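Each chain, written out:
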Amino acid sequence: MVRTPLTPEERERGEQLGRFLRAARGERSMTEVAAEAGISAETLRKIETGRAPTPAFFTVAALAGALGLSMDELAGRCALTPV
């Protein structure tokens, strides 16, 4: 199966998600948060830097739980504002 390229808007949304998760992590280490979420630190690094702009739903949900965030809050922070 060939994956269709992401649109610029999808990439931007992924970058916003990464920035928000990084800010929410605060002083906690990447390793600590990743372990609590049940993912690898490398996966978290890719999400935070925008190299994985479309992480799986359950990965995002696990990160939200580890960071004490609601999925509604994440979705609201990563919604693209219409121009």
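Caption draft 1: Geometry of the side chain of Glu48. Tracing the backbone through its elements, the reader meets Glu48 in helix H3 (residues 41-49). Dropping the residues within four chain positions of it, Glu48 is found in contact with Gly18, Arg19, Leu21, Arg22, Arg25 and Met30.

Caption draft 2: Highlighting a nonpolar patch on the surface. A contiguous nonpolar patch, built from Phe57, Phe58 and Met71 and spanning about 360 Å² of accessible area, is present on the exposed surface. Tracing the backbone shows Phe57 in helix H4 (residues 57-67).

Caption draft 3: The arrangement of the packing of aromatic side chains in detail. The final tally for this structure, using the stated rule, is one aromatic pair. A centroid spacing of 5.2 Å and a plane angle of 85° characterise the contact between Phe57 and Phe58, whose relative ring orientation is edge-to-face. By relative accessible area, Phe57 is classed as exposed at 53%. Taking relative accessible area as the criterion, Phe58 reaches 68% and is therefore assigned exposed.

Rules behind the numbers
Residues numbered from 1 in each chain as written. Predicted model: local features only at pLDDT ≥ 70, side-chain atom pairs only at ≥ 80, totals over all residues. Heavy atoms only, no water. Helix = DSSP H or I, 4+ residues; strand = E, 2+ residues; numbered from the N terminus. Contact = heavy atoms within 4.5 Å. Patch = residues over 30% accessible without salt bridge, like charges linked within 9 Å, V, L, I, M, F, W, Y side chains within 5 Å. Areas by Shrake-Rupley, 256 points an atom, 1.4 Å probe, with all protein chains shown as cover. Salt bridge = Lys/Arg side-chain N within 4 Å of Asp/Glu carboxyl O. Phe/Tyr/Trp six-rings, centres within 6.5 Å; stacked < 30°, edge-to-face > 60°. Buried < 20%, exposed > 50% of the residue type's maximum accessible area, 1.4 Å probe, protein only.

Purely geometric numbers; function is a separate question.
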